[in-house]
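Observations on the model geometry
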Amino acid sequence: MTNPKSKIRQARFASEAHPSDTLLCTTEEKTASDGQNLPPNPKSVAILGAGAWGTALANLAAANGHRVGLWSRRGSQPLETILEDADIILSAISMKGVADVVEQIKYAPISPETIFVTATKGLDPQTTCTPSQVWQTAFPDHAVVVLSGPNLSQEIELKLPAATVVASDVTAAAELVQLVFSSHRFRVYTNPDRLGVELGGTLKNVIAIASGVCDGLHLGTNAKAALVTRGLTEMVRIGNIWGAKTGTFYGLSGLGDLLATCNSPLSRNYQVGYQLASGQTLTEILANLSGTAEGVNTCQVLVQIAQQKNIVIPITEQVYRLLQGEVTPRQALDELMLRDMKPEYND
Ligand SMILES: NC(=O)c1ccc[n+]([C@@H]2O[C@H](COP(=O)([O-])OP(=O)(O)OC[C@H]3O[C@@H](n4cnc5c(N)ncnc54)[C@H](OP(=O)(O)O)[C@@H]3O)[C@@H](O)[C@H]2O)c1
Ligand SMILES: O=P(O)(O)OC[C@H](O)CO
């Protein structure tokens, strides 16, 4: 006989429908495959964006026994229905859609207790704001949490172990989100530096494009190590100007995500770089890419910020010029190798 306490309600997607049409937890009871008991106080979690990451996060929360609704603009569930009574509203919308979705729900009846979580890794091209800043501006009285870490969604869907960070200045909100997503295969840490955690996940995408180029040109392990290390220096430099803490960039959401994304062919940003090195144009690559490579837009925003604030970010600049078609991958490499000689640390 199965112990009812060891049962969870598992979310299931019907293959014939859009995932967001079918998610809301089924009533099917199943022995806890993740070793989790049904939580004493299951939360209602609304996930916005049924792409790769939204779907993986929905599965994680549902496997922990929470009530999960997954919304997509292409599904049949109205947004208001998904938002009703949500304890947590998590956005996994790609950056280009965040402002639109925020606008749609700005005037929806949302409880003041509802926590917003953003899992988007991008920058708004109009305002240069981070996604959490966009959400916080629209919902100034709500807790906003960033979820970011080395989290390639395909590995998480395969139930491989991973860790992430949930960051907020509202500790209780971060701790609640930690509880909702934590399991024996997904270890969740809290961090008070919301901006640092968010920028780590965002800025590394540009370095991941550069790493793809490095591997596509077969430049070797020494070159890759140099690129990733100097890339981290650039990330810290930009983050410090923004007001993020240096130490945060050496954690999971910075160095951790950098290592994952710069070394995995599963990363869309890495794929963009790799394919650029093999001679394809950006237009061709993006036309065939499955999912979103946020680093392409982030790079443009960073170059704009660097010019305004006089920040030296040579790798990002070369990635920008490469994406614009102004240099070839080899020329970008030469530009980086032949820069003026300097000490390793002068910040
Ligand atoms: N995939 C990962 O491994 C991973 C891991 C961590 C973080 N992230 C971050 O999570 C975000 C989403 O990534 P993803 O891989 O899930 O990308 P994706 O598969 O391309 O999904 C993006 C989602 O955003 C939705 N969207 C875009 N514009 C919209 C708009 N105007 N209105 C409503 N919905 C809109 C898309 O809806 P449609 O399907 O209708 O276009 C889709 O559901 C990115 O910022 C990414 O950097 C991804
Ligand atoms: O596929 P990418 O390049 O968007 O990377 C996915 C995640 O950000 C990895 O943590």
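Heads up: these notes are all about the structure in this document.

Thresholds applied
Residues numbered from 1 in each chain as written. Chains lettered and ligands numbered in written order. Predicted model: local features only at pLDDT ≥ 70, side-chain atom pairs only at ≥ 80, totals over all residues. Heavy atoms only, no water. Near = heavy atom within 4 Å. Polar contact = N/O pair within 3.5 Å; in protein donor to acceptor, adjacent residues only side chain to side chain. Helix = DSSP H or I, 4+ residues; strand = E, 2+ residues; numbered from the N terminus. Nonpolar A, V, L, I, M, F, W, Y, C, P; charged D, E, K, R; others polar. Buried < 20%, exposed > 50% of the residue type's maximum accessible area, 1.4 Å probe, protein only. Right-handed = clockwise from strand over helix to strand, strands pointing away. Pairing = 2+ DSSP bridges. Contact = heavy atoms within 4.5 Å.

1. Examining the site of ligand 1
Around ligand 1, 24 residues are found, and the nearest of them are Arg73, Arg74, Ser153, Thr292 and Glu294. Between ligand 1 and Trp53, the relevant distance is 2.8 Å, taken from an oxygen atom to a main-chain nitrogen or oxygen of the residue. Interatomic distance of 2.8 Å between a backbone N/O atom of Ser153 and an oxygen atom of ligand 1. The dominant element in the shell around ligand 1, judged by the number of residues it contributes, is helix H4 (residues 95-105), at three residues. Of the residues contributing to the shell around ligand 1, the split by class is nine nonpolar, nine polar and six charged.

2. Topic: the pairing of strand E3 (residues 44-48)
The buried fraction of E3 is high, at five of five residues. Of the two faces of E3, the one holding Ser44, Ala46 and Leu48 and the one holding Val45 and Ile47 are both buried throughout. Viewed along the sheet, the connection from E3 through helix H2 (residues 52-63) into strand E4 (residues 67-71) turns out right-handed. Two elements, E3 and strand E5 (residues 88-91), share four bridges in a ladder whose sense is parallel. Each residue of the ladder has a partner; that of Val45, found in E5, is Ile88.

3. Notes on the environment of Ala260
Position of Ala260 among the secondary structure elements: in helix H10 (residues 252-263). Between the C-alpha atom of Ala260 and that of Met235, which follows or precedes it by 25 residues, the distance is 16 Å. For Ala260, the contacting residues outside a window of four places in its chain are Pro150 and Leu152.

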